Amino acid sequence: MEMLRQVASRQRSKRLIDEEIAVVTAAPSAAPKRDAIEILVAWSIVGLFVIACSAAVYTMETILMPVALAIVIGIVLGRAADSLARFGLPPIMGGLLLAVFFALGLSAIVNTLLGPLSDLAQQAPRLAESVMERLLPFIERFEWGRLALARGAGEDAMADTVIKNAGPMLGLVVAGLTPALVQTLIFLAALGFFLLGRLQLRRALILAFTSRESRLNTIRIMNAIEEALARYFSIASLVYLALGVVTMLIALIGGLAVPLLWGLFAFVSSFIPYLGVTAMTAGLLVGGLMTHETILLIVAPAAAFFVVHLAMENLVMPAILGNRLEVNPFLVFLAIMFWTWMWGAVGAMLALPLSLIAMAIVEEMREQPSERQLPG
């Protein structure tokens, strides 16, 4: 009997062990499916997080906008400083030297534009009255124009309205100069400190990850971002410089005053998508209106600039940049609208660089090569 009990006990133990092994080795059960309410709650949390981040970015515009611009420009200048290191110049010194040249160039552009803009502000009421005097005869040529004037208070009242509104508009511009000055100082300080600590910051980001695979991914992402921004800004600067020269010739042939200033305006404004070309075309149209009498000569400079800019943006730039930096135009448009709403004209200028940064990160995270190697 004792022997039978021992045999039965061993059989029960063996059976329990087999059951435990079967439980361990069995395939894991499928995760329970999440219902629609749970998915809705999860996406709602994500949406609230995005809204909170957007509100924070919008509220901290005074600080975040110049810092973001400084980081983008600093990445480009840092890449150029690494190229200068081949000639024996340390990257930190090369970056600071390029930053000084950039600041001097920016100061020269501001000083060049400041004088004409000041004169324009002083003569704004007279110019507005002159524009209305020249514009009203063209409006009266059309039936709808005559009806609109008849419904209004007359030509004199319309001109008076434009002149009265010119002062408040200039007041708004002057009120925005002080924040712009503060943001410029923040930008210059952030640019200098970023270039001084760029290599240390890069090393800290790499060492923040523990695994070799993550560190290699970080190096690849940073190199892709630097390459994309450097390629875009170098090519865009050359293309927009050519556009500025062509615009100067258009202004010279069109009989506009100070052709060099028009070319400089075209070069600077081209870095602001949509808004820049719109402001430049409107400016050339007003300049033609102040210079010529016939409608063909008035419209010719603005039309010529618009056609040239359209060809360069849609033919020359994509052909030179290539497919690697090609971004969906609709996504670019949404990015421009979003960042313009957030940060104004500077946001519009940063929209494409920020889109290139996001695209570089997504592309590098999506690519999974079979064997990871150090980038070289």
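Our subject is the structure that appears above.
For the structure given in this document, a descriptive report is provided here. Keep in mind the model is a prediction, meaning the values are calculated, not measured.

**Comments concerning the overall build of the protein**
Then, number 1: Check the secondary structure of the protein and you find 14 helices and 0 strands.
Then, number 2: Going from the N terminus to the C terminus, the protein shows its helices and strands as α-α-α-α-α-α-α-α-α-α-α-α-α-α.
Then, number 3: Split into buried and exposed, the 376 residues of the protein put 30% on the buried side.
Then, number 4: In the protein, the proportion of contacts linking residues at least 24 apart, taken out of those at least 6 apart, comes to 72%.

**Considerations on the pattern of salt bridges**
Then, number 1: Summed over all chains, the structure comprises 4 salt bridges.
Then, number 2: Salt-bridge contacts for arginine 79 lead to glutamate 226; the nearest nitrogen and oxygen are separated by 3.4 Å. Note that arginine 79 is positioned in helix α3 (residues 61-84) and glutamate 226 in helix α10 (residues 212-253), a separation of 147 residues in sequence.
Then, number 3: Looking at glutamate 226, the relative accessible area reads 11%, which means it is buried.

**Things to note about α10**
Then, number 1: Its 42 residues place the ends of α10 61 Å apart at the C-alpha level, agreeing with the 62 Å of an ideal helix rising 1.5 Å per residue.
Then, number 2: Downstream of α10 by one or two residues, glycine 255 has phi in the positive range, about 80°.

**Quick notes on unusual backbone geometry**
Then, number 1: Positive phi, close to 50°, is recorded for valine 258, a residue that is not glycine.
Then, number 2: Within the secondary structure layout, valine 258 lies in the loop between α10 and α11 (259-269).

**Overview of the packing of aromatic side chains**
Then, number 1: Counted according to the given criterion, the structure contains 9 aromatic pairs.
Then, number 2: Centroid distance tyrosine 232 to phenylalanine 233: 5.1 Å. Interplanar angle 70°. Geometry classified as edge-to-face. The burial state of tyrosine 232 is the same as that of phenylalanine 233; both residues are buried.
Then, number 3: Relative to tryptophan 339, the ring of phenylalanine 338 has its centre 5.1 Å away and its plane inclined at 80°; by these criteria the two rings are edge-to-face.

**Quick word on the environment of glycine 288**
Then, number 1: With respect to the helices and strands, glycine 288 occurs in helix α12 (residues 275-291).
Then, number 2: A sequence separation of 13 residues divides glycine 288 from proline 301, and the C-alpha atoms of the two residues are 7.0 Å apart.
Then, number 3: Setting aside residues up to four positions removed in sequence, glycine 288 forms contacts with Leu256 and Ile298.

Parameters at a glance
- Every chain begins its residue count from 1, and numbering advances along the sequence as written.
- Selection of residues for local features in this predicted model requires a pLDDT of at least 70, selection of side-chain atom pairs for listing and counting requires 80 or more, and totals for whole chains, interfaces and linings are taken over all residues.
- Processing note: side-chain calculations cover all non-hydrogen atoms of the structure and skip hydrogens and water entirely.
- Helix numbering and strand numbering both begin at the N terminus, where a helix is a DSSP run of H or I of at least 4 residues and a strand a DSSP run of E of at least 2.
- Note on exposure labels: buried denotes an accessible area under 20% of the residue type's maximum, exposed denotes more than 50%, and partly exposed covers the range between, all computed with a 1.4 Å probe on protein chains only.
- By the convention used here, residues are in contact when the closest approach between their heavy atoms is within 4.5 Å.
- Whenever Lys or Arg places a side-chain nitrogen within 4 Å of a carboxyl oxygen from Asp or Glu, that contact is recorded as a salt bridge.
- To estimate the expected span of a helix, count its residues, drop one, and scale the result by 1.5 Å.
- Ring geometry is summarised as follows: Phe, Tyr and Trp rings, the Trp one being its six-membered ring, pair when their centres sit within 6.5 Å, and such pairs are stacked at plane angles under 30 degrees, edge-to-face over 60 and tilted between the two.

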